[in-house]
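The chain contents come next:
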Amino acid sequence: MKFNRLILSLLIAVAFFILAGFVYYYSTLGAVEVITPDEGSTKMESLSPAGPANCLIQMTADFGLTKKLVTYPDIPSPGDFMIIEGGPFDNPDNLTLAFDFPGALSQQYSVGNLIYIIVGISCDTEPGLYQLAFKKGIGEDPAAGETVLAKNIEIAPKEFAFSRFSMPADRTAGWTTARLEEDREKVRQARETTEPHPLWTDPFISPLEGRISSQYGAVRVINNNPPRRHVGLDIAADEGTPVVSTNRGIVRLAEFLLSGGNTVIVDHGMGLSSSYLHLDEMAVEPGQWVECGALIGTLGMTGYATGPHLHWEVNIGQDAVNPEQLLDGDLLWVPPAYVSKMVSEKVN
Ligand SMILES: [Zn+2]
């Protein structure tokens, strides 16, 4: 009897352990089945283009290939420019970047299967949420093509300074509409003439050490004329102070213009150019190659200026962007693939 009870107890214990093992095994399976899709859906939400503005990655359905759309700065302001790198793409030269805010687009530069591009955001852009999208089709309506990769971006609010001042009437003596139009056309052509790849490899530098006398984007009323936006950065210093090129490039214009006075425009490639106005003397000629920090001329007050200052302007195509941003060392990084291409092919 005692022996039978012992066997029964052992059987019950064995059955209990077997049952407990099954319960544990199935509960583990259950847990895995529940957790996996949860984790998956959480990831997909944060990575989808409809997610938060700072999301960087979009998963593609095909074989889990990950395309990235990296933007810098992450939350730009009106008047800023933004560096964009996207890919990898099967055929990057068949894609166009579309965006739904007023702005300018640099030339597109592809390195391997990546696209590198600069977008200028108009000073007049309302703050809010917008979208950048790489779409199929070149030279067509960029908004119409099929979206290959997209990212939402937030544009922060920005206050621009307002000022009112007067200029002596004799500063515009002898100006004619025809000559002003001729000057504008020369500037337009100079900014349009560009190399298809970045000419810089080092960080951009300030062309002049001095006092900021007028901010980029400031709205100014001069002599009760209609308000106009100041599209450059004014830096004041002593007359004759050397003015240097902000980076490597090719001089596209160096001549006297009515409003700009002695004006130099340097092409840095991809449609990005820098302009130096009101110079006293000019030290370069059109077509000349300049290195970063090379002498452009000396500080003056030629053209529409009442004191010695440099009007430093940075443009993407014909649109002005914030020059101070160029001095953020991380901003115009050169994609590593481009640097290795430059080294291997000795690209200038
Ligand atoms: Zn200015």
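What counts and what doesn't
In this numbering scheme, every chain counts its residues from 1 along its sequence in written order. Under the rules for a predicted model, residues below a pLDDT of 70 receive no local features and side-chain atom pairs below 80 are neither given nor counted, while totals for whole chains, interfaces and linings still include all residues. Secondary structure elements follow DSSP: runs of H or I no shorter than four residues count as helices, runs of E no shorter than two count as strands, and numbering proceeds from the N terminus. Three exposure classes are used, based on other C-beta atoms lying within 10 Å of a residue's own C-beta, which is placed from the backbone: buried for 20 or more, exposed for 12 or fewer, and partly exposed in between. Note on contacts: each residue gets a C-beta atom placed from the backbone, and two residues are in contact if those atoms are within 7 Å. By definition, two strands form a pair when at least two bridges between them are found by DSSP. Lines fitted to C-alpha atoms define the axes, with helix axes restricted to the stretch in contact, and inter-axis angles between N-to-C directions lie between 0 and 180 degrees. Here, a nonpolar core means buried Ala, Val, Leu, Ile, Met, Phe, Trp, Tyr and Cys residues linked by C-beta atoms lying within 7 Å of one another. Confidence scores labelled pLDDT are given residue by residue by the predictor and lie between 0 and 100. Each helix should span, by expectation, one fewer than its residue count multiplied by 1.5 Å. Taken from the helix axis, the directions to the C-beta atoms give the arc we talk about.

Caption draft 1: Here's a closer look at the overall build of the protein. Each helix and strand counted, the protein has four helices and 22 strands in total. Within the protein, buried positions represent 32% of all 348 residues. The contacts of the protein with a sequence gap of at least 6 include a subset with a gap of at least 24, amounting to 66%.

Caption draft 2: Quick look at the sheet that holds strand 8 (residues 128–136). Read from one edge of the open sheet, three strands run 4-8-9, paired in antiparallel fashion. A single partner strand is all that each edge strand has here, and the edge strands are strand 4 (95–99) and strand 9 (147–155). Taking each pair of neighbouring strands and ignoring which way they run, the sheet shows an average axis angle of 20 degrees. Pairing between strand 4 and strand 8: five bridges, direction antiparallel. By the bridge assignment for strand 8, A98 is matched with A133.

Caption draft 3: Region of the structure containing the sheet that holds strand 13 (residues 228–229). Ordered by their spatial adjacency, three strands build an open sheet running 10-12-13, and the pairing between neighbours is mixed. Every other strand in the sheet has two partners, leaving strand 10 (162–165) and strand 13 as the edge strands with one partner each. Strand direction decides the pairing type here: strand 12 (residues 219–222) and strand 13, joined by two bridges, are antiparallel. Bridge assignment links R220 to a residue of strand 13, and that residue is R228.

Caption draft 4: Summary view of the environment of P73. With respect to the helices and strands, the residue P73 is situated in the loop between strand 2 (66–72) and strand 3 (81–87). For P73, a count of 16 C-beta atoms within 10 Å translates into the label partly exposed. Between the C-alpha atom of P73 and that of I84, which follows or precedes it by eleven residues, the distance is 9.3 Å. When neighbours within four sequence positions are excluded, P73 is seen to be in contact with D80 and M82.

Caption draft 5: Spatial organisation of the nonpolar core. Residues F81, I84, I117, I118 and V119 are the most contacted members of the largest nonpolar core, which totals 31 residues. Of all the secondary structure elements, the ones that give two or more residues to this core are strand 3, strand 7 (114–121), strand 8, strand 9, strand 21 (309–316) and strand 22 (319–321). The leading source of residues in this core is strand 7, at seven residues. When sequence neighbours within four positions are dropped, the list of residues in contact with I118 reads F81, I83, S106, M270, L272 and I316.

Caption draft 6: Looking closely at the confidence of the model for the protein. Scored by pLDDT, the protein comes out at a mean of 81, with 75% of its residues at no less than 70. Across residues 21–64, where pLDDT falls below 50, the model places 31 contacts with residues more than four positions away in sequence or in other chains.

Caption draft 7: Layout of helix 2 (residues 177–192). An ideal rise of 1.5 Å per residue puts 22 Å on 16 residues; helix 2 measures up with 22 Å between its terminal C-alpha atoms. Taken together, the buried positions of helix 2 are occupied by V187, A190 and R191. All buried residues of helix 2 project into a common sector of 95 degrees when viewed along the axis, lining one side. Projecting away from the buried face of helix 2 at angles above 90 degrees are the exposed residues T177, A178, E181, E182, E185, R188 and Q189. At its buried positions, helix 2 is contacted by strand 16 (249–257), strand 17 (261–267), strand 18 (272–279) and strand 21.

Caption draft 8: How the structure looks around the pairing of strand 3. Across the seven residues of strand 3, six count as buried, placing the element largely inside the fold. In this structure, strand 2 lies alongside strand 3, joined through five bridges in antiparallel fashion. By the bridge assignment for strand 3, T71 is matched with I84. Relative to strand 7, strand 3 is paired through six bridges, and the arrangement is antiparallel. Considered in strand 7, the bridge of I84 is made with I117.

Caption draft 9: Molecular detail of the environment of I296. Along the chain, the position of I296 falls in strand 20 (residues 295–298). As for I296 and V264, which are separated by 32 residues in sequence, their C-alpha atoms are 7.3 Å apart. Non-local contacts of I296, meaning those with residues more than four positions away in its chain, are made with P207, V243, V244, S245, V264, Y276, A283 and V284.

Caption draft 10: The environment of D170, seen in detail. By the secondary structure assignment, D170 is in the loop between strand 10 and helix 2. Its 7 C-beta neighbours within 10 Å are what place D170 among the exposed residues. Remark: the alpha-carbon pair of D170 and Y304, spanning 134 residues in sequence, is separated by 9.9 Å.

Caption draft 11: Inspection of unusual backbone geometry at higher detail. A cis amide bond links Y72 to the next residue, P73, at an omega of 0 degrees. Cis geometry marks the peptide bond from G87 to P88; its omega dihedral reads 0 degrees. Residue placement: P88 occurs in the loop between strand 3 and strand 4. The backbone of N223 sits at a positive phi, close to 55 degrees, despite the residue not being glycine. As for its placement among the helices and strands, N223 is situated in the loop between strand 12 and strand 13. Although it is not a glycine, H278 sits at a positive phi angle of roughly 65 degrees. Mapped onto the fold, H278 is located in strand 18.

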